[in-house]
Amino acid sequence: MVYSQNWDLDSIFPGGIQSPQLADKYTTIQEQIKDFAQKVTTYNPSEDQQFNQLADLADLAQSIGAGLGTVNIFVNGLLSTDYGNSIYTPHLTKIGQLWVDFTNPLNQFQKILRQFDDDTFAKVQKHERLAPIAFYLNELRDEAQRLLDDQTESLINKFALDGQNAWSQHYDTISASLKMTYTDANQQKHEISSGQALNMLDGEPNNNVRADIMKNYEAMWGQSENLTADTLNHLAGFRITNQRAHHYQDHLEQPLKMNRMKKETLDAMWSVVDRNKDMFKPYFDRKKSLLGLQEFGWQDQVAPITHIGDYHPKNISYDDAAKFIIENFAKFSPKMADFAKMAFENQWIESENRPNKQPGGYMESVPDLHESRIFLTYTGSVNDAATIAHELGHAFHSYQLTDLPFWRDAYAMNVAETASTFAELIVADANVQAAKTDAEKIVLLDAKMTNPIAMFLNIRARFLFEDAFYQERQKGIVLPERLNALMDQAQKEAFADTLDTRHPHFWSSKLHFFIDSVPFYNFPYTFGYLFSAGIYAQAKAQGSDFEEQYIALLRDTANMTSEELAMKHLNVDLTQPEFWQSGADLVKKDIDEFLKLSEPFVKQTNAGMKIWEW
């Protein structure tokens, strides 16, 4: 092994959760917040000094934000590898309290910006020290009109600790405590955690084992439905009340603002997704045949094709995956390749497959060090290699902004998913192009389809469910039975009735519904996927000449709206369906190739039944 599969957190704060340096950092942040609060309260400079003092406040606020981001990734990084350990709970509470303490004077800072008339604020935005963060300052000023009086805002933020934030943490407690059993291909029973079960659902090759895991996984979450329904209802209830208090007209207005996009853009994107969902029907029919299934269930949508003809895909070693990623990044961007190599060498990635890890994967910045940390579980599949590329794309995005002020790193989630998906597309396409036989290409095309299935169907179902749930939640508590019905209906609609068995408790098992920091966490993924598809098409056309253009786009992601970004760098109108359709057309091209290549392996019997030739 060349590269370690364990990340280095000691370079952030040595000594783990008891690190003296972590304790010192808490103290530093507390002192900075007190200083910021005092300076905001007494801000009343003479006219010739007001902009410089405002810049001083902005610098201090960004330093506090960077510090909080650093301690947050450190504590959550430890928790992710020791999931469910209560030793970290006091630290999560402490970080939450620091955010509350910081939010109150930050609200006052926003109100200062609101006090400037338009002409004066225009001068603020042009000031030498403030011009680089002018867009973010304008957002803060605009949002200030929603703020209530200081005392009320302070109370809401404090209540959030034991309200919205606490319910989100409570879900983690529930999830970490769940275990289930399944029967393997040798009829041996095994007990696994909810996180291990989720990883196996995506990668288990045996049809019967996969179906058994799915049945028991659904039952496990069903047994916990009262707890998770309480959690979801109260988390959403707090959010709805808070949105109403801040004059949001509906449950989508806030997430759209957070993603810096128009409702017309969201509607255009979903209309194209909905219009193209039927293209997956022949793909699923063919995959059902290739897997030898009588019924096609939720657990089968991204199930791996383990052998076809004489081809048997092998697991990819972590080092080989790293080498492949670096080599293929270099074809589009030498800077991406150099960055990926650095991330592997410097142990920024936690990928070891072991128990007691949090499900899923993520990338978080370490602002004070201008670094990132990536968390995932690597099992050797093609999809796992793509996940590494995905998270490295996130990290590369953040790395391009390290010379800019902290508030220029505050890009929205929808465009955050652009760089990650772009990186994933590079690796997925490279895998397909490197195939030596049609059989191998079929397997790799199928693996590549994991992303569009998620973005067009799975996440569409999440959005349909969440939209319906929030509408009903405004009228009162939504019971588990109704949540199951809403989710089942959402899956039927999004998947165009292609699933014989579905996952009604998906609302309960999916962490994303319980995240407190971002409402409607899911739709930005589809935006990022389709947005990156357009960028990727340009990159393929331009080759290595595209690198600087791509980096320029990434550096602008926190400096304008989504629509402005697309128009400036891609010359497209996101409120129109044409751009989104171009992404759907790329998916259709892959489906057509998959169907064409796999046709010789399927023959029609006289009875019209399709039989797989092994």
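Cut-offs applied
Numbering of residues starts from 1 in each chain and follows the order in which that chain's sequence is written. Local features in this predicted model are restricted to residues of pLDDT 70 or higher, and side-chain atom pairs are both shown and tallied only at a pLDDT of 80 or more, whereas totals for entire chains, interfaces and linings draw on every residue. Calculated side-chain values reflect all of the structure's heavy atoms, with hydrogen atoms and water omitted. Each helix is a run of DSSP H or I of at least 4 residues and each strand a run of E of at least 2, with the numbering of both proceeding from the N terminus. When we talk radius of gyration, it's over C-alpha atoms, and the globule rule is simply 2.2 Å times the number of residues to the 0.38. Exposure is judged per residue with a 1.4 Å probe applied to protein chains only, and the accessible area is read against the type maximum: over 50% gives exposed, under 20% gives buried, and values in between give partly exposed. The contact definition used throughout considers only heavy atoms, calling two residues in contact when any of these lie within 4.5 Å. Using the Shrake-Rupley algorithm and a 1.4 Å probe, accessible areas are obtained, with residue cover drawn only from the displayed protein chains. The sign given to each residue is positive for Lys and Arg and negative for Asp and Glu; His and the chain ends receive no count. To locate a charge, the coordinates of NZ of Lys, CZ of Arg, CG of Asp or CD of Glu are taken. Predictor confidence is given residue by residue as pLDDT, running from a minimum of 0 to a maximum of 100. Any pair of Phe, Tyr and Trp rings, taking the six-membered ring for Trp, is counted once the centres come within 6.5 Å. Such a pair is stacked with planes under 30 degrees apart, edge-to-face with planes over 60 apart, and tilted for the rest. Charge-over-ring contacts are defined here by two conditions on Lys NZ or Arg CZ: a distance within 6 Å of the ring centre and an angle within 35 degrees of the ring normal. Only buried residues count toward a nonpolar core. Its members are Ala, Val, Leu, Ile, Met, Phe, Trp, Tyr and Cys residues joined through side-chain atoms within 4.5 Å. Axis definition: a line fitted to C-alpha atoms, limited for helices to the stretch in contact. Angles are taken between N-to-C directions and run from 0 to 180 degrees. Any angle from 65 to 115 degrees is called roughly perpendicular, while one under 35 is roughly parallel, one over 145 is roughly antiparallel, and all others are oblique. Here the nonpolar group is Ala, Val, Leu, Ile, Met, Phe, Trp, Tyr, Cys and Pro; Asp, Glu, Lys and Arg are the charged ones; every other residue, Gly included, is treated as polar. When a carboxyl oxygen of Asp or Glu is within 4 Å of a side-chain nitrogen of Lys or Arg, the pair counts as a salt bridge. Here, a strand pair is defined by DSSP locating no fewer than two bridges between the strands.

Chemist: Describe in detail the overall build of the protein, supporting the description with residues and values.
Modeler: What the protein contains, in helices and strands, is 25 helices and seven strands. The C-alpha radius of gyration computed for the protein amounts to 25 Å, which stays within 12% of the reference 25 Å derived for 614 residues, consistent with globular compactness. The buried share of the protein, reckoned over its 614 residues, is 57%. Here the analysis covers contacts within the protein between residues at least 6 apart in sequence; of these, 76% occur between residues at least 24 apart. Accessible area of the protein: about 25900 Å², with a carbon and sulfur share of 48%. Once the 56 positive and 84 negative side-chain charges of the protein are each reduced to a mean point, those two points are 3 Å apart.

Chemist: Please give an account of the confidence of the model for the protein that cites residues and values.
Modeler: Predicted confidence across the protein gives a mean pLDDT of 93, with 97% of residues reaching 70 or more. Of the regions scoring below 50 in pLDDT, residues 604-614 engages in 25 contacts with residues more than four places distant in sequence or in other chains.

Chemist: Account for the environment of Ala 185, naming residues and giving values.
Modeler: The residue Ala 185 is located in the loop between strand E1 (179-183) and strand E2 (189-193) in this model. Distance from Ala 185 to Tyr 470, taken between C-alpha atoms, is 42 Å for residues 285 residues apart in sequence. In contact with Ala 185, not counting residues within four places along its chain, are Asn 206 and Val 209.

Chemist: Account for the side chain of Asp 212, naming residues and giving values.
Modeler: Tracing the sequence through the fold places Asp 212 in helix H9 (residues 207-223). Residue classification places Asp 212 among the buried positions, given a relative accessible area of 16%. Aside from chain neighbours lying at most four places away, what touches Asp 212 is Tyr 182 and Thr 183.

Chemist: Could you give me a rundown of helix H8 (residues 194-203), with the residues and numbers involved?
Modeler: All of the buried residues along H8 are Ser 194, Gly 195, Ala 197, Met 200 and Leu 201. Each element contacted by the buried residues of H8 is listed here: helix H7 (164-177), E1, E2 and H9.

Chemist: Before we move on, could you go through the packing of aromatic side chains and cite the residues and values that matter?
Modeler: Taken as a whole and judged by the stated rule, the model has 43 aromatic pairs. Aromatic pair Phe 36 and Phe 102: ring centres 5.8 Å apart, planes at 55 degrees, arrangement tilted. Separated by 66 residues along the polypeptide, Phe 36 in helix H1 (residues 20-41) and Phe 102 in helix H3 (residues 89-115) bring together distant segments of the chain. Geometrically, the ring pair formed by Phe 422 and Tyr 536 is edge-to-face, given 6.0 Å between the ring centres and 75 degrees between the ring planes. Taken as a pair, Phe 422 in helix H17 (residues 413-433) and Tyr 536 in helix H22 (residues 523-542) lie far apart in primary sequence, 114 residues in all. Judged by relative accessible area, which is 2%, Phe 422 ranks as buried. By relative accessible area, which is 5% here, Tyr 536 ends up buried. Taken together, the ring pairs in this structure connect Trp 270, Trp 298, Phe 463, Phe 465, Phe 469, Tyr 470, Phe 495, Phe 506, Phe 513, Phe 520 and Phe 523 into an aromatic cluster. A cation over an aromatic ring shows up here: Arg 146 above the ring of Tyr 248, its NZ or CZ 3.9 Å from the ring centre.

Chemist: Give me the nonpolar core: which residues, what numbers.
Modeler: Counting 144 residues, the largest nonpolar core has Phe 280, Phe 329, Phe 344, Leu 392, Phe 456 and Phe 465 as the members making the most contacts within it. Among the elements that make up this core, the one with the highest residue count is helix H19 (residues 450-473) (eleven residues). Residue contacts for Phe 344: discarding those within four places in its chain leaves Tyr 3, Tyr 318, Ala 322, Ile 325, Ile 326, Ile 349, Ile 388 and Leu 392. In terms of nonpolar packing, the next biggest core, distinct from the first, is built from 48 residues, Trp 7, Leu 9, Leu 22 and Leu 137 among them.

Chemist: Kindly report on the packing of helix H10 (residues 225-245) against helix H20 (residues 480-494), identifying the contributing residues and their values.
Modeler: Relative orientation of the contacting elements H10 and H20 amounts to 80 degrees, with a least axis distance of 9 Å. As summarised for this structure, H10 and H20 are arranged roughly perpendicular, according to the angle between their axes. Here Glu 225, Asn 226, Ala 229, Leu 232 and Asn 233 of H10 lie close against H20, whose contacting residues are Pro 480, Leu 483 and Asn 484. Looking at the contact of H10 with H20, its residues break down into four nonpolar, three polar and one charged.

Chemist: Go over the pattern of salt bridges, please, and point to the residues and values.
Modeler: For the structure on display, the rule yields 34 salt bridges. A salt bridge links Asp 212 to Lys 215; the shortest N-O distance between them is 3.9 Å. In this pair, Asp 212 and Lys 215 are both assigned in helix H9, three residues apart and thus about one turn of the helix distant. For Lys 215, a relative accessible area of 54% puts it in the exposed group. Arg 482 is the salt-bridge partner of Glu 472, the closest N and O atoms lying 2.7 Å from each other. In this pair, Glu 472 sits in helix H19 while Arg 482 sits in helix H20, placing the two residues ten residues apart along the sequence. A residue is classified by how much of its surface remains accessible, and Glu 472, at 25% relative accessible area, is partly exposed.

Chemist: Describe in detail the pairing of strand E5 (residues 371-375), supporting the description with residues and values.
Modeler: Along any regular strand, the residues point their side chains to alternate faces of the sheet. E5 sits mainly inside the fold: four of its five residues count as buried. Sheet analysis places strand E3 (residues 349-350) next to E5, joined by two bridges and oriented parallel. Each bridged residue has a counterpart across the sheet, and for Glu 350 the counterpart in E5 is Phe 375. Connecting strand E4 (residues 362-366) to the antiparallel partner E5 that follows it, the hairpin turn spans four residues, and His 370 within it adopts a positive phi of roughly 55 degrees.

Chemist: How would you explain the environment of Ala 410 if you had to name every residue and give the values?
Modeler: Mapping Ala 410 onto the fold places it in the loop between helix H16 (382-399) and H17. For Ala 410, a relative accessible area of 26% puts it in the partly exposed group. It is 19 Å that separates the C-alpha atoms of Ala 410 and Leu 54, two residues lying 356 residues apart in sequence. The contact partners of Ala 410, leaving out residues within four places of it in the chain, are Tyr 136, Arg 260 and Ala 558.

Chemist: Which residues make up unusual backbone geometry, and what values go with them?
Modeler: Within the chain, Asn 356 stands out as a residue other than glycine whose phi angle is a positive 70 degrees. Tracing the backbone shows Asn 356 in the loop between E3 and E4. Of note in the backbone geometry, Ala 496 takes a positive phi value of approximately 50 degrees without being a glycine. Looking at the element boundaries, Ala 496 is found in the loop between H20 and helix H21 (506-509).

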